[in-house]
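# Close look at the chain arrangement
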Amino acid sequence: MVDPIIGTKRLTKVLMDGGSGLNIMYAKTLDAMGIDRARVRSIGVPLHGIMPGKQAMPLGQIDLPVSFGDPSNYRTKTLIFEVVGFHGTYHAILGRLCYTKFMAIPNYTYLNLKMPSLGRVITIGTSFQRGYECEVECCEHAAAIVTSKELVAIRKEVFEEAPDPKRATYQHCMLKCFRDLIRQTVEAYIDDIMVKSKWADHVIANIEQTFTKLRANNIKLNPKKCVFRVLRGSTFARMTKAVLGPQLQKNIIAYVDDIVVMSKNKEDHIADLKETFINLREAGLKLNPEKCVFGVSRGKCLDTL
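Before going into details, it helps to say that this report is about the structure given with it. (Residues numbered from 1 in each chain as written. Predicted model: local features only at pLDDT ≥ 70, side-chain atom pairs only at ≥ 80, totals over all residues. Heavy atoms only, no water.)

## Re the overall build of the protein chain
Counting its regular elements, the protein chain contains eight helices and 16 strands. A buried classification covers 27% of the 305 residues belonging to the protein chain. Put simply, of all contacts in the protein chain between residues at least 6 apart along the chain, 50% involve residues at least 24 apart. When the accessible surface of the protein chain is totalled, it reaches about 22000 Å², and 56% of it is carbon and sulfur. (Helix = DSSP H or I, 4+ residues; strand = E, 2+ residues; numbered from the N terminus. Buried < 20%, exposed > 50% of the residue type's maximum accessible area, 1.4 Å probe, protein only. Contact = heavy atoms within 4.5 Å. Areas by Shrake-Rupley, 256 points an atom, 1.4 Å probe, with all protein chains shown as cover.)

## A look at helix α8 (residues 269–282)
Side chains three or four residues apart in an α-helix point the same way, a direct result of the helix having 3.6 residues per turn. Between the first and last C-alpha of α8 there are 20 Å, a value that for 14 residues agrees with the 20 Å anticipated at 1.5 Å per step. Where α8 is concerned, the buried positions are Asp272, Leu273, Thr276, Asn279 and Leu280. The buried residues of α8 all sit within an arc of 130 degrees when viewed along its axis, so they share a single face. Across α8 from its buried face, at more than 90 degrees, point the exposed residues Ile270, Lys274, Arg281 and Glu282. Where α8 terminates, the next one or two residues include glycine 284, which has phi positive at roughly 75 degrees. (Expected span 1.5 Å × (residues − 1). Arc of directions from axis to C-beta.)

## Regarding the environment of asparagine 23
The residue asparagine 23 is located in the loop between β3 (14–16) and β4 (24–26) in this model. Sequence-wise, asparagine 23 and arginine 96 are 73 residues apart; in three dimensions their C-alpha atoms are separated by 8.0 Å. Setting aside its immediate chain neighbours within four residues, asparagine 23 contacts Leu79, Ile80, Phe81, Glu82, Ile93, Leu94, Gly95, Leu97 and Cys98. Reaching out from asparagine 23, the side chain makes a polar contact with the backbone oxygen of isoleucine 80 at a distance of 3.3 Å. (Polar contact = N/O pair within 3.5 Å; in protein donor to acceptor, adjacent residues only side chain to side chain.)

## A short note on unusual backbone geometry
Even without being a glycine, methionine 103 presents a positive backbone phi close to 55 degrees. Along the polypeptide, methionine 103 turns up in the loop between α2 (96–102) and β10 (105–107). Classification of methionine 103 by relative accessible area gives partly exposed; the value is 48%. Although it is not a glycine, leucine 111 sits at a positive phi angle of roughly 55 degrees. Tracing the backbone shows leucine 111 in the loop between β10 and β11 (112–115). Leucine 111 gets classed as partly exposed once you look at its relative accessible area, which sits at 27%.

## A few points about the environment of threonine 240
Position of threonine 240 relative to the elements: it lies in helix α7 (residues 234–244). On the accessibility criterion, threonine 240 (3% relative accessible area) is buried. The sequence separation of threonine 240 and leucine 280 amounts to 40 residues, and the corresponding C-alpha distance is 9.6 Å.

## Examining the packing of aromatic side chains
Using the criterion set out here, one finds two aromatic pairs in the structure. Taking 6.2 Å as the distance between ring centres and 80 degrees as the angle between the ring planes, the aromatic pair formed by tyrosine 26 and phenylalanine 86 counts as edge-to-face. Taken together, the residues span a long stretch of sequence, with tyrosine 26 in strand β4 and phenylalanine 86 in the loop between β8 (73–84) and β9 (92–94) at a distance of 60 residues. Given the relative accessible area of 35%, phenylalanine 86 is considered partly exposed. (Phe/Tyr/Trp six-rings, centres within 6.5 Å; stacked < 30°, edge-to-face > 60°.)

## Comments concerning the sheet that holds β11
Read across the sheet, three strands follow the order β10-β11-β12 without closing on themselves; strand pairing throughout is antiparallel. Taken across any chain shown, the strands that pair with only one partner, and hence form the sheet edges, are β10 and β12 (122–125). Neighbour-to-neighbour, the strand axes of this sheet turn through a mean angle of 20 degrees, independent of strand direction. Of the strand pairs in this sheet, β10 and β11 are connected by three bridges, and their pairing is antiparallel. Directly across from asparagine 107, in β11, lies its bridge partner asparagine 112. (Pairing = 2+ DSSP bridges. Axes fitted to C-alpha atoms, helices over the stretch in contact; angles between N-to-C directions.)

## So, the pattern of salt bridges
Here the structure, examined in full by the defined rule, presents four salt bridges. Among the ionic pairs, aspartate 31 bridges to arginine 37, the shortest N-O distance being 2.7 Å. Between aspartate 63 and arginine 41 there is a salt bridge; the shortest N-O distance is 3.0 Å. One end of the pair, aspartate 63, is in strand β7 (residues 60–70); the other, arginine 41, is in the loop between α1 (27–32) and β5 (47–51), and 22 residues separate them in sequence. Residue classification places aspartate 63 among the partly exposed positions, given a relative accessible area of 33%. Taking the relative accessible area as the measure of exposure, arginine 41 reaches 35% and is therefore partly exposed. (Salt bridge = Lys/Arg side-chain N within 4 Å of Asp/Glu carboxyl O.)

## Topic: the nonpolar core
Nonpolar side chains tend toward joint burial in soluble globular proteins. Ranked by size, the top nonpolar core spans 28 residues in total, and within it Ile6, Met25, Phe68 and Phe81 carry the most contacts. Of all the secondary structure elements, the ones that give two or more residues to this core are β3, α1, β7, β8, β9, α2, β11 and β12. In contact with phenylalanine 81, other than residues within four places in its own chain, are Ile6, Asn23, Ile24, Met25, Gly60, Gln61, Ile62, Leu64, Val66 and Leu94. Listed in part, the eight residues of the second largest apolar core include Met239, Val243, Leu273 and Leu280. (Core = buried A, V, L, I, M, F, W, Y, C linked by side-chain atoms within 4.5 Å.)

Read these as geometric descriptors, not functional statements.
Set out below in structure tokens:
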């Protein structure tokens, strides 16, 4: 709980909420400060996460200067506030945007807030008694609306929109399907599945094992979103050395996942390309024509000419 100067008024009940992504100014506070609502600009964008299952439409946004400290050592920044029409127990709420702009560091144990200034460090504190009183007021306000018709309607709406708890989530489905393979040959993240193999000769076996698990759990894959045998990193380096070893640093440079065929003389370039294609064909490797470029005299690689 802090008491900064917002606009031209000192507000004595402002909550510093590090969990909020917004700076909130209540319309009732705005009116008490004598600020004309014509200064509030409409945005037409709803706020989410304030009430479960519902969106709150703000009245708009307003830019106000916020000052911390005393006349001998203070700091002022202009913050954007979301002006809301519903009731709250605080005058305003300052969120992470305020913490970032003032570079403020909170200490929740001692109820202190510190921030740098041109003079010395500004320390802002409050008493435990004041924090307790505000907490009691918040609880009383919450108890007052528990039986209100508005809360009953919100509860009904949230219950209707709530997901079925019996419905299996993606994570639960993957855990059930790949319980014995997770972190061994299968990695599942968000909505992606990666089949990994420590050795090249195990790739096909691991993919077949994964397909068997998916089939047993009646899970189908979208072929358009499947990619097989992606070689990169150390795997690509080993493959390049095994297939194109004699050519490396002679007429080939391989870096990350690119192969560059280079020739000292223009007349030798066709022969160098032919040698490269023969080695790739013997190893059973194919190139993607859409990613091949021929006859390049020079170019940029990683922004270096």
